[in-house]
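Fold and contact review
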Amino acid sequence: MDAKKLHPDSIAAQALGWVDETTRAITPPLHVSSTYLRDTDNQYRSGRIYARADNPAFDQPEAVLNALEGGHQTLLFASGMAAATAVFQALQPGDHVLAPQVMYWSLRNWLMTFATQWGLQVELIDMTSPAAVQAALRPGKTKLVWVETPANPLWTVTDIEATAALAHAAGALLAVDSTVATPLLTRPLALGADIVMHAATKYLNGHSDLIAGALVTRQDNDHWQRVRKVRAQLGGTLGSFEAWLLLRGMRTLHLRVRTACVSAQRIAEHFSTHPQVAEVLYPGLPQCQGYAISQRQMQGGFGGMLSLRARGGEAAAIAVAAHTQLWKRATSLGGTESLIEHRASVEGAGTPAPTDLLRLSVGIEDVADLINDLEQALATAHR
Ligand SMILES: Cc1ncc(COP(=O)(O)O)c(C=O)c1O
């Protein structure tokens, strides 16, 4: 079957329709071997040597994500952070990189500490402004531009096509953390990005029961070969069981993402005029920064992530989270269950998150139940 002719829903639902050749099973076996037999003439014709570098458990989930993103090759990693840091570790000390001021906080933290100590010149900029990107690029010196869109936790949107053109003109690669958009809403490689990164922990798996990451490349090149070595040598390799679970999760990606998008839009619209809510941040609201770009760049919805700013400041925001019952107070996103989090408490010093901000990950529960629960939490917190 030619995956290029299939709708993404069909690719996901059948996980590309692979059948196990030995048993005719339509779900793959769980491969757990850490090592592979060498041929008697000292060759490794199977292409497999040792499971830190490669594992048959990765073949199908990597192929499914590769088809969904329209990539040249996909690599799974032990976490989203292992995937993201591999992109930077494949650079050289002294290289200049641009990253957004608004991005997943733990990666920003790593960039400003370990990556900087190791010799990368990291500059954080307003990635939503092409003028700021243009001004910060140092042709020949800047090797990578890192984009996250929509970006944690303000859900600002970066124009991938415009940023890719600027990066390429300066001789830099463009990598996009597309965790929140998922391959169903945005395909960064088709817009000119060189690498797409996913915290597969989130929507790709979708059940809050594993930690995983992935990188997809548009083409093979020296940088990608070094990324491969980072995975094989540093050993940020996914476990077999996690790879198997991830494949199972990806089969329902389209159903979960579609439901989350519809519900997030309803929740964003409902609370954007609420007397106890100062502001709603969501790329699907016309008053929000990224709306015009999102309409071009995101297809089929604006994602399942939004933030509410509570009237009454930090104490009011924390009280709202304390009084939710259906929404669970927990970090992370992209699972079937809806989560609520006071983001500044998590990110600490240097966060761009206002102290009154609550980050919401919309799951697949009934949307009226989700709205009612937030309504009662807002009312109780303001009593
Ligand atoms: C947008 C984004 N990128 C990367 C990561 C890191 O992924 P992981 O927790 O799997 O290391 C996260 C985790 O929250 C995230 O939300």
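What comes next is a walk through the structure. None of these values were measured; they are calculated from a predicted model.

A word on the pairing of strand E2 (residues 96-100)
- Of all five residues in E2, five are buried; the element is thus mostly enclosed.
- Alternating positions in E2 separate into two faces, His96, Leu98 and Pro100 on one and Val97 and Ala99 on the other, with burial throughout.
- Pairing of E2 with strand E3 (residues 121-125) involves five bridges; the strand directions are parallel. In the sheet register, Pro100 faces E3, and the bridge partner there is Ile125.
- With respect to chirality, the unit in which E2 leads through helix H4 (residues 105-117) into the neighbouring parallel E3 is right-handed.
- Relative to strand E4 (residues 142-148), E2 is paired through three bridges, and the arrangement is parallel. Looking at the pairing, Leu98 lines up with Val145 of E4.

Digging into the site of the ligand
- Around the ligand sit 15 residues in total, of which Gly80, Met81, Asp177, Thr201 and Lys202 are the nearest.
- Contact distances for the ligand include 2.8 Å between an oxygen atom and a backbone N or O atom of Met81.
- Contact between the ligand and Thr201: an oxygen atom at 2.6 Å from a side-chain N or O atom of the residue.
- Computed on the free molecule, the ligand has an accessible area of 390 Å², of which 91% lies beneath the protein chains in the complex.
- Among the secondary structure elements, those contributing two or more residues to the shell around the ligand are helix H3 (80-89) and strand E6 (195-199).
- Along the lines of polarity and charge, the residues of the shell around the ligand split into seven nonpolar, five polar and three charged.

Focus on a nonpolar patch on the surface
- On the surface, Leu30, Val32 and Phe241 cluster together to form a nonpolar patch covering roughly 290 Å² of accessible area.
- With respect to the helices and strands, Val32 occurs in the loop between helix H1 (8-13) and helix H2 (56-69).

Thoughts on the sheet that holds E2
- In space, the seven strands of this open sheet follow the order E1-E7-E6-E5-E4-E2-E3, with mixed pairing throughout. Each end of this open sheet is capped by a strand with a single partner; those strands are strand E1 (73-77) and E3. Averaged over all pairs of adjacent strands, the angle between strand axes in this sheet comes to 20°, irrespective of strand direction.
- Here strand E5 (residues 173-177) pairs with E6 via three bridges, running parallel. Paired with Val176 across the bridge in E6 is Val196.
- Seen against the sheet, H2 touches E1, E6 and strand E7 (213-217) and runs at an angle of roughly 125° to E1.
- With respect to the sheet, H4 is in contact with E2, E3 and E4, its orientation differing from that of E3 by roughly 155°.

Some thoughts on the packing of aromatic side chains
- In the structure shown here, the tally under the stated rule is four aromatic pairs.
- Here the aromatic rings of Phe241 and Trp244 are separated by 6.3 Å at their centres, their planes lie at 15°, and the arrangement is stacked. Highlighted residues: Phe241 and Trp244, both in helix H9 (residues 240-250), separated by three residues, approximately one helical turn.
- The exposure class of Phe241 is partly exposed, given its relative accessible area of 44%.
- Trp244 gets classed as partly exposed once you look at its relative accessible area, which sits at 28%.
- With centroids separated by 6.1 Å and ring planes inclined at 35°, the aromatic side chains of Tyr291 and Phe302 adopt a geometry described as tilted.

So, the environment of Phe77
- In this structure, Phe77 sits in strand E1.
- Distance from Phe77 to Leu215, taken between C-alpha atoms, is 7.9 Å for residues 138 residues apart in sequence.
- When residues no more than four places from it in sequence are discounted, the contact partners of Phe77 are Ala82, Ala83, Ala86, Ala212, Gly213, Ala214, Leu215, Val227, Arg231, Gly236, Thr237 and Leu238.

Regarding empty space enclosed by the protein
- All chains considered together, the criterion is met by two cavities of 30 Å³ or more.
- Of the voids in this model, the largest cavity is the one considered here, and its volume is about 50 Å³.
- Every residue along the wall of the largest cavity is listed here: Tyr203, Gly206, Arg256, Ala260, Gly334, Gly335, Thr336, Val362, Gly363 and Ile364.
- Here the residues of the lining of the largest cavity are counted per class, giving four nonpolar, five polar and one charged.
- In this structure, the second largest cavity spans a volume of roughly 30 Å³.
- Across the lining of the second largest cavity, the residue classes tally to six nonpolar, four polar and no charged.

Let's talk about the pattern of salt bridges
- Here the structure, examined in full by the defined rule, presents 16 salt bridges.
- With a closest N to O distance of 3.1 Å, Arg231 and Glu62 form a salt bridge. Taken together, the residues Arg231 in helix H8 (residues 222-234) and Glu62 in helix H2 connect sequence positions 169 residues apart.
- You can call Arg231 buried: its relative accessible area is 1%.
- The residue Arg309 makes a salt bridge to Glu279 at a minimum N-O spacing of 3.3 Å. Highlighted residues: Arg309 in strand E9 (residues 305-310) and Glu279 in strand E8 (residues 277-281), separated in sequence by 30 residues.

Examining H9
- Where H9 is concerned, the buried positions are Ser240, Ala243, Leu245, Leu246, Leu247, Gly249 and Met250.
- Of the surrounding elements, those touching the buried residues of H9 are H1, H2, E1 and helix H10 (253-271).

Conventions we followed
- Residues numbered from 1 in each chain as written.
- Predicted model: local features only at pLDDT ≥ 70, side-chain atom pairs only at ≥ 80, totals over all residues.
- Heavy atoms only, no water.
- Buried < 20%, exposed > 50% of the residue type's maximum accessible area, 1.4 Å probe, protein only.
- Helix = DSSP H or I, 4+ residues; strand = E, 2+ residues; numbered from the N terminus.
- Pairing = 2+ DSSP bridges.
- Right-handed = clockwise from strand over helix to strand, strands pointing away.
- Near = heavy atom within 4 Å.
- Polar contact = N/O pair within 3.5 Å; in protein donor to acceptor, adjacent residues only side chain to side chain.
- Areas by Shrake-Rupley, 256 points an atom, 1.4 Å probe, with all protein chains shown as cover.
- Nonpolar A, V, L, I, M, F, W, Y, C, P; charged D, E, K, R; others polar.
- Patch = residues over 30% accessible without salt bridge, like charges linked within 9 Å, V, L, I, M, F, W, Y side chains within 5 Å.
- Salt bridge = Lys/Arg side-chain N within 4 Å of Asp/Glu carboxyl O.
- Axes fitted to C-alpha atoms, helices over the stretch in contact; angles between N-to-C directions.
- Contact = heavy atoms within 4.5 Å.
- Phe/Tyr/Trp six-rings, centres within 6.5 Å; stacked < 30°, edge-to-face > 60°.
- 1 Å grid on protein atoms, 1.4 Å probe; cavity = no way out; pocket = protein on both sides within 12 Å on 5 of 7 lines; lining within 4 Å.
- Points joined across faces, edges and corners; volume = space filled by probe spheres on them.

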